[in-house]
Amino acid sequence: MIRRKRPVAGACVLLAALTAGLAFPAGAAADEPTGRNAPKVNLLLDVSGSMRAKDIDGQSRMAAAKQAFNEVLDATPEEVELGIRTLGADYAGDDRKEGCKDTAQLYPVGPLNRTEAKTAVATLVPTGWTPIGPALLKAADDLGDGDGSKRIVLISDGEDTCAPLDPCEVAREIAAKGIGLTIDTLGLVPNAKLSRQLSCIAEATGGTYASVEHQDELTDRVNELVDRAAEPVVTPVAVRGADSCAKAPTVESGLYTDREEFGQQRWYRVELLAGQELRTSVSVAADRAVRPDYGVLLRALTVHGREIVRGEAAGNGRTDVLSTGLRYPKPERDDDSGKPAADVVCLAVTHSFSAGSGVKTTPGLPLELTVDVVDGPDGASDVASFGLGRGWWLLGALVVTGFVAGLLWGWLSRWRFAVWRTH
């Protein structure tokens, strides 16, 4: 049974935490942040030859990045374990195969020694290729295991030069591992193709993308992302939804992950007391190539199949993630029995993503479900009345005001007409 408790987590939680859909016992509740593992950040810097260009505040891109890194290292919180990895820093030749192996750990992820880290950064010279895909794989390995916050901050001035290892596909593979890793990306030039690639990498793991053209912007943005890594996180719980409400697991307030096959429907159960409000949201991520024009539908139903409320969203291929949500307040009881009236609310999740030709359909698409059960609003019984909620009092006031104004206007008109006739 769900008891009154503080809400846990919001809808926009990191999609990097999505898992492969392992089965967990029904009724599992989301874990609270434990704080046992230090947050980890791996700064991934492009040191390819194009970083020699002098177009950032009159200095080279490399010089601006070094200055920004030095300021970030000074401001890094003590509790954050930070590392630095490079791509394109060592091989200056024309052999593409060798150039695509050019990624190295400049400073290992761990407790920060600012002097050593700054000394390592000072040695960097723009050199070679831009192997973003291989570097992301290595950067993820640098962060190791553990359930603490893990973040990669990729800074680049150019697209990957090592296809067919597509960096966006690499990011999706990292997200599908369910290791709680977020990748944020920063572009140093306003280039449309670079923007699309870096945006795709970030979106695949629930991260962010930004284009920066000044050294102080770069410093501020990296500092912000490092600080964000130190914020407490909620670890999602894997849960396996059923194909009907009767078989569905009961979930409490928390954050959950699941996998949903194409054309499948997933069901979950929530117990709701009188006077409580259910707030829930769902996000489905396209971690592989899908056809455009898709949607996500979230419905709340009674155990008898009557729909209470729904939330829905549609997409057209411009984003990898689609989210929707709903709210349902259960009215207080009118009787005085004093017994809690717990109702089961069935949550049904359906999506209309479809796989392209030759695309694997298993495992299902990553699904993230947020459930909050909170104290309901006063007078929950009329919250949905004609869509007015607590606006009834305002409507009544407007009606009374209009009636009085009409009477006054009518009396004034008759008085003016009488005066006109007497004259």
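Refer to the structure above for everything that follows.
Structural notes, computed from the coordinates. Model, not experiment: these values are computed from the prediction.

### Overview of the packing of aromatic side chains
Then, in step 1: On inspection of all chains with the given rule, the structure shows one aromatic pair.
Then, in step 2: Taking the centre distance of 4.3 Å and the plane angle of 20° together, the rings of Tyr294 and Phe353 count as stacked. Here Tyr294, found in strand β11 (residues 294–301), pairs with Phe353, found in the loop between β14 (343–351) and β15 (365–375); they are 59 residues apart in sequence, far enough to count as distant.
Then, in step 3: Tyr294 sits in the buried class, given a relative accessible area of 4%.

### Digging into the environment of Gly110
Then, in step 1: Relative to the helices and strands, Gly110 is located in strand β3 (residues 103–110).
Then, in step 2: Not counting residues up to four positions away in its chain, the partners in contact with Gly110 are Glu81 and Leu82.

### Considering the state of the cysteines
Then, in step 1: Summed over all chains, the structure comprises three disulfides.
Then, in step 2: Disulfide pairing is shown between Cys100 and Cys162; the S-S distance is 2.0 Å. For the disulfide bridge between Cys100 and Cys162, the dihedral angle about the S-S bond is near -100°, and by the sign convention the bridge is left-handed. Of this pair, Cys100 sits in the loop between α2 (96–99) and β3 while Cys162 sits in the loop between β4 (150–156) and α5 (167–176); the two residues are 62 residues apart in sequence, bridging distant segments of the chain. Accessibility classification places Cys100 together with Cys162 in one group, the buried group.
Then, in step 3: Each sulfur in the disulfide pair Cys168 and Cys200 lies 1.6 Å from the other. Residues Cys168 and Cys200 are joined by a disulfide whose S-S torsion is about -55°; by sign, that bridge is left-handed. With Cys168 in helix α5 and Cys200 in helix α6 (residues 192–204), this pair connects stretches of sequence that are 32 residues apart.

### Remarks on α6
Then, in step 1: Between its first and last C-alpha atoms α6 spans 18 Å; for 13 residues at 1.5 Å apiece the expected length is 18 Å, and the two agree.
Then, in step 2: Turning to α6, its buried residues number three or more, namely Leu194, Gln197, Leu198, Ser199, Cys200, Ile201, Ala202 and Ala204.
Then, in step 3: Capping the start of α6 is the job of one residue whose side-chain oxygen sits 2.9 Å from the backbone nitrogen of Lys193: Asn191.
Then, in step 4: With its phi angle positive at about 75°, Gly206 sits one or two positions after the end of α6.

### Some remarks on the environment of Glu312
Then, in step 1: If you trace the backbone, Glu312 turns up in strand β12 (residues 307–315).
Then, in step 2: For Glu312, a relative accessible area of 54% puts it in the exposed group.
Then, in step 3: Along the chain, Glu312 and Gly325 lie 13 residues apart, while their C-alpha atoms are 7.3 Å from each other.
Then, in step 4: The contacts of Glu312, once residues within four sequence positions are left out, are Val296, Leu297 and Thr324.

### A look at the pattern of salt bridges
Then, in step 1: Throughout the structure, instances matching the rule amount to 16 salt bridges.
Then, in step 2: Residue Arg114 is joined to Glu78 by a salt bridge in which the shortest nitrogen-to-oxygen separation is 3.6 Å. With Arg114 in helix α3 (residues 114–122) and Glu78 in the loop between α1 (61–75) and β2 (81–87), the pair connects residues that are 36 residues apart, well separated along the chain.
Then, in step 3: Arg151 is the partner of Asp184 in a salt bridge, and the nearest nitrogen-oxygen pair spans 2.4 Å. Here Asp184, found in strand β5 (residues 181–187), pairs with Arg151, found in strand β4; they are 33 residues apart in sequence, far enough to count as distant. Arg151 matches Asp184 in its accessibility class, with the two residues each being buried.
Then, in step 4: Three or more residues joined by partner-sharing salt bridges are found here, namely Asp55, Arg61 and Asp157.

### Examining a negative patch on the surface
Then, in step 1: A contiguous patch of negative charge on the surface is contributed by Asp57, Glu71, Glu213, Asp216, Glu217 and Asp220.
Then, in step 2: Looking at where Asp220 falls in the secondary structure, it is placed in helix α7 (residues 215–229).
Then, in step 3: A relative accessible area of 52% places Asp220 in the exposed class.

### Digging into a nonpolar patch on the surface
Then, in step 1: A cluster of nonpolar residues, Val400, Phe403, Val404, Leu407 and Leu408, forms a patch on the protein surface that exposes about 510 Å² of accessible area.
Then, in step 2: Among the secondary structure elements, Phe403 is positioned in helix α8 (residues 392–422).

### Examining the nonpolar core
Then, in step 1: Counting 33 residues, the largest nonpolar core has Leu43, Leu45, Ile155, Leu218, Val222 and Val226 as the members making the most contacts within it.
Then, in step 2: Elements with a minimum of two residues in this core: β1 (40–46), α1, β2, α3, β4 and α7.
Then, in step 3: Per-element tally for this core: the top contributor is α1, with seven residues.
Then, in step 4: In this structure, Val226 is in contact with Val41, Leu43, Val72, Thr76, Pro77, Val80 and Leu82, ignoring residues within four places of it in sequence.

Rules behind the numbers
- Residues numbered from 1 in each chain as written.
- Predicted model: local features only at pLDDT ≥ 70, side-chain atom pairs only at ≥ 80, totals over all residues.
- Heavy atoms only, no water.
- Phe/Tyr/Trp six-rings, centres within 6.5 Å; stacked < 30°, edge-to-face > 60°.
- Helix = DSSP H or I, 4+ residues; strand = E, 2+ residues; numbered from the N terminus.
- Buried < 20%, exposed > 50% of the residue type's maximum accessible area, 1.4 Å probe, protein only.
- Contact = heavy atoms within 4.5 Å.
- Disulfide = S-S within 2.5 Å.
- Expected span 1.5 Å × (residues − 1).
- Polar contact = N/O pair within 3.5 Å; in protein donor to acceptor, adjacent residues only side chain to side chain.
- Salt bridge = Lys/Arg side-chain N within 4 Å of Asp/Glu carboxyl O.
- Patch = residues over 30% accessible without salt bridge, like charges linked within 9 Å, V, L, I, M, F, W, Y side chains within 5 Å.
- Areas by Shrake-Rupley, 256 points an atom, 1.4 Å probe, with all protein chains shown as cover.
- Lys, Arg positive; Asp, Glu negative; His and termini not counted.
- Charge placed at Lys NZ, Arg CZ, Asp CG, Glu CD.
- Core = buried A, V, L, I, M, F, W, Y, C linked by side-chain atoms within 4.5 Å.

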